[in-house]
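So you can see what is in the structure, the chains are spelled out below.
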Amino acid sequence: MLKTIIYARYSSDKQNEQSIEGQIHECEQFAKTHDMVIIKHYIDRALSGKTDDRPSFLQMIKDSSSGLFDAILVYKTDRFARNRYDSAVYKAKLKKNGIKIFYAKENIPDGPEGIILESMLEGFAEYYSAELSQKVKRGIKENIRKGLSFGGACPFGYKIVNKKYVIDDEQAPYVKKIFEDYAKGRRAIDIFNELNTLPNYAGKGRKWNRSSLNRMLTNKKYIGIYELEDVCVKDAIPSIIDEALFNKVQSRILFNRRHTTRAKVNYLLSGKLFCGLCEHSMTGKTGTSKTKVKYHYYVCSNRHCKQKKYRKELLEDIIIQYTVKDILNPKHFKMIAKKCLEIQQADNKINDILLMLKKQLTATKTKINNLMNAIEAGIITTSTKDRLEQLEQEKYKLELEISTQQLNSNRLLSEKQIIYMLNVFYNKRVDVSFYNQIIDCFIYKIYIYSDKICIVYNLNNSDKDVTYSDINELYKSSHLNSCGSPYDL
Ligand SMILES: [Zn+2]
């Protein structure tokens, strides 16, 4: 069962918009057939369409790192983000936290190619932020080389003198003992219980527990390595533990972890995989064999269906291989880039929003002027003053929104950039950790039959959704075992 939250948004100025209750109802219906359990609703009711206040949305993004939910369900794509760039940035964040997004009523405004373009934008958003942090990292590296502290808690066993880490002679022997005890096989709970009986230990009234002990045992500072983000400098700090002991402790931690915690399984195809026999979605399940080995499968969510179960890794591998052969293939890159450019050029939405915002700004400025005239004419009441403050605030918000929109409209990708991103995808095609990106970007739907798999890619000439019956029609007239898009590649 996927732990899912619903996000719904409503702006009262738009006509024919589905109400919050309606959006939630559709989402709940979707959840029923997709093996999801709804644990929370995040709702934004915008009072006007002027500015984009979305407190619940931002809260949801923040909460996504807590590990409390696995998926977000929204009514339609346009409920999630106001524009493509926004959407790309937030999706990248959610992906990092392992969260999947589902749409109850799938509508892809500019066709499946829009999804590919969005993935390219996502890639670039990541690339830019990586480049930015490069500059910050250079500064960090300088400080690390000098062994300077960045503030924050000083690890047990050290003290900070003139911003530098030096060994605390009182604490250091305990550090050594803790590492030795753990390496010898002493239980973590016994170690931290003993630590808590010693005076002046963690200090500041904090007690040692499993996670603080774990942080200590994995802290490379004890062998002199100073690490921050992905900057790492050897012999930057005086060491307390030798490397052999440290490595022994690491392998024991790894061994224990393997035997206690269950890794979260990411079913890459969930939400895109459907049963060819009964049309229901197929979801991930874990099973244990007679020899107590865990296996991961995709099974049909319809209990009465005769569909087989498919091994997760095997099926994902096959899908990736076909995708790389059929779509993510350098000879198609120019065509894909062209398609992305076309959508981008037709993307007048940002300009429309800008125009509307500018109109609103002019109107607000006029109102302020009128009010100022009234004040000069001597008509001053408390309510006039309140109104003026309110208008000034509105003006500020509008100006802010205009500059944000202007920034976004400049972030269009060139053909070269799109091809560059496609190459990044292509080069990472053998990297299992990148499968998720490839599937998200290029695959629209997959139907599994008893004797064949049908993959529908995000490249299509029509805006029409490809349905179960379309594919069945196609099969009646041909003997394809993998049907790509109707687009002529
Ligand atoms: Zn089925």
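The coordinates are above.
Below, the structure is looked at part by part. (Residues numbered from 1 in each chain as written. Predicted model: local features only at pLDDT ≥ 70, side-chain atom pairs only at ≥ 80, totals over all residues. Heavy atoms only, no water.)

1. Regarding the overall build of the protein
Then comes step 1: Regarding its fold elements, the protein presents 16 helices and 14 strands.
Then comes step 2: A burial count over the protein gives 43% of its 489 residues as buried.
Then comes step 3: By sequence separation, contacts in the protein at least 24 residues apart represent 67% of the contacts at least 6 residues apart.
Then comes step 4: Accessible area of the protein: about 27900 Å², with a carbon and sulfur share of 52%. (Helix = DSSP H or I, 4+ residues; strand = E, 2+ residues; numbered from the N terminus. Buried < 20%, exposed > 50% of the residue type's maximum accessible area, 1.4 Å probe, protein only. Contact = heavy atoms within 4.5 Å. Areas by Shrake-Rupley, 256 points an atom, 1.4 Å probe, with all protein chains shown as cover.)

2. Details of the sheet that holds strand S9 (residues 273–275)
Then comes step 1: Judged by pairing direction, the sheet is mixed, and its 3 strands sit side by side in the order S9-S13-S14 without closing on themselves. Edge strands, defined here as strands with exactly one partner in the open sheet, are S9 and strand S14 (453–457). Geometrically, the sheet is characterised by an average inter-axis angle of 20° between neighbouring strands, direction not taken into account.
Then comes step 2: Sheet strands in contact with helix H10 (residues 312–326) are S9, strand S13 (443–448) and S14, and its direction is about 50° off that of S14.
Then comes step 3: The sheet contacts of helix H15 (residues 435–442) involve S13 and S14, and relative to S13 the element is tilted by about 95°. (Pairing = 2+ DSSP bridges. Axes fitted to C-alpha atoms, helices over the stretch in contact; angles between N-to-C directions.)

3. Overview of the coordination of the zinc ion
Then comes step 1: In the first shell of the zinc ion, the protein supplies Cys275 (SG), Cys278 (SG), Cys300 (SG) and Cys305 (SG), at 2.3 to 2.4 Å from the metal.
Then comes step 2: With 4 donor atoms in place around the zinc ion and angles of 96 to 114° between them, the coordination shape is tetrahedral.
Then comes step 3: Considered as a linear motif, the donors of the zinc ion on their single chain read C-x2-C-x21-C-x4-C.
Then comes step 4: For cysteine 275, a relative accessible area of 0% corresponds to the buried category. (Donors = N, O, S within 2.8 Å, 3.2 Å for Na, K, Ca; no water. Tetrahedral: all angles 85-135°; square planar, octahedral: opposite > 155°, others 65-115°.)

4. Details of the state of the cysteines
Then comes step 1: Scanning the model with the defined rule gives 0 disulfides in all.
Then comes step 2: The closest cysteine sulfur to the non-disulfide-bonded cysteine 340 is located on cysteine 441, 7.8 Å from its own sulfur. (Disulfide = S-S within 2.5 Å.)

5. A word on the packing of aromatic side chains
Then comes step 1: Counted under the stated rule, the structure contains 15 aromatic pairs.
Then comes step 2: Considering the side-chain rings of phenylalanine 425 and phenylalanine 442, the 5.9 Å spacing of their centres and the 90° angle between planes classify their relative orientation as edge-to-face. Of this pair, phenylalanine 425 sits in helix H14 (residues 415–427) while phenylalanine 442 sits in helix H15, and the two are 17 residues apart along the sequence. Exposure class is identical for phenylalanine 425 and phenylalanine 442. Each is buried.
Then comes step 3: One aromatic cluster in this structure is built from Tyr158, Tyr165, Phe179, Tyr222, Tyr226 and Phe246.
Then comes step 4: Residue placement shows lysine 312 over the ring face of tyrosine 267; its charged tip is 5.9 Å from the ring centre. (Phe/Tyr/Trp six-rings, centres within 6.5 Å; stacked < 30°, edge-to-face > 60°. Lys NZ or Arg CZ within 6 Å of the ring centre and 35° of its normal.)

6. Let's talk about unusual backbone geometry
Backbone phi values are negative for most residues with the exception of glycine, while trans is the configuration of most peptide bonds.
Then comes step 1: Backbone geometry places asparagine 162, a non-glycine residue, at a positive phi of 50°.
Then comes step 2: Looking at where asparagine 162 falls in the secondary structure, it is placed in the loop between strand S5 (158–161) and strand S6 (164–167).
Then comes step 3: A positive phi angle, near 65°, is found at lysine 292, a position not held by glycine.
Then comes step 4: Take lysine 292: it is sitting in the loop between strand S10 (282–288) and strand S11 (294–300).
Then comes step 5: By relative accessible area, lysine 292 is classed as exposed at 71%.

7. Concerning the environment of aspartate 70
Then comes step 1: Tracing the chain through its elements places aspartate 70 in the loop between helix H2 (55–63) and strand S3 (71–74).
Then comes step 2: Taking the relative accessible area as the measure of exposure, aspartate 70 reaches 14% and is therefore buried.
Then comes step 3: Between the C-alpha atom of aspartate 70 and that of isoleucine 99, which follows or precedes it by 29 residues, the distance is 5.1 Å.

8. Section: the side chain of aspartate 181
Then comes step 1: Counting through the fold element by element, aspartate 181 comes out in helix H6 (residues 172–184).
Then comes step 2: Taking relative accessible area as the criterion, aspartate 181 reaches 11% and is therefore assigned buried.

9. Some words on helix H1 (residues 20–33)
Then comes step 1: A rise of 1.5 Å per residue sets the reference length of H1, with its 14 residues, at 20 Å; its end C-alpha atoms lie 21 Å apart and thus fit the reference within 8%.
Then comes step 2: Within H1, the full set of buried residues consists of Ile20, Gly22, Gln23, Ile24, Cys27, Phe30 and Ala31. (Expected span 1.5 Å × (residues − 1).)

10. With respect to the pairing of S6
Then comes step 1: Bridging between S5 and S6 involves 4 bridges; their strand directions are antiparallel. Across the sheet, lysine 159 pairs through a bridge with valine 166, a residue of S6.
Then comes step 2: Counted between consecutive antiparallel strands, the loop separating S5 from S6 contains 2 residues, among which asparagine 162 sits at a positive phi close to 50°.

11. Brief notes about the environment of phenylalanine 425
Then comes step 1: With a relative accessible area of 3%, phenylalanine 425 lands in the buried category.
Then comes step 2: Once you skip the residues sitting within four places of it in the chain, phenylalanine 425 turns out to touch Ser119, Met120, Leu328, Phe434, Gln437, Ile438, Cys441 and Phe442.

12. Some thoughts on helix H8 (residues 210–217)
Then comes step 1: What H8 keeps buried is the set Ser212, Leu213, Met216 and Leu217. Projected onto a plane normal to the axis of H8, the buried residues spread over an arc of 135° and lie on a single side. Along H8, exposed side chains directed more than 90 degrees from the buried face belong to Arg210 and Arg215.
Then comes step 2: The opening residue of H8, the one whose side-chain oxygen lies 2.8 Å from the backbone nitrogen of serine 212, is asparagine 209. (Arc of directions from axis to C-beta. Polar contact = N/O pair within 3.5 Å; in protein donor to acceptor, adjacent residues only side chain to side chain.)

Keep in mind that these numbers describe shape and distance, not what the molecule does.
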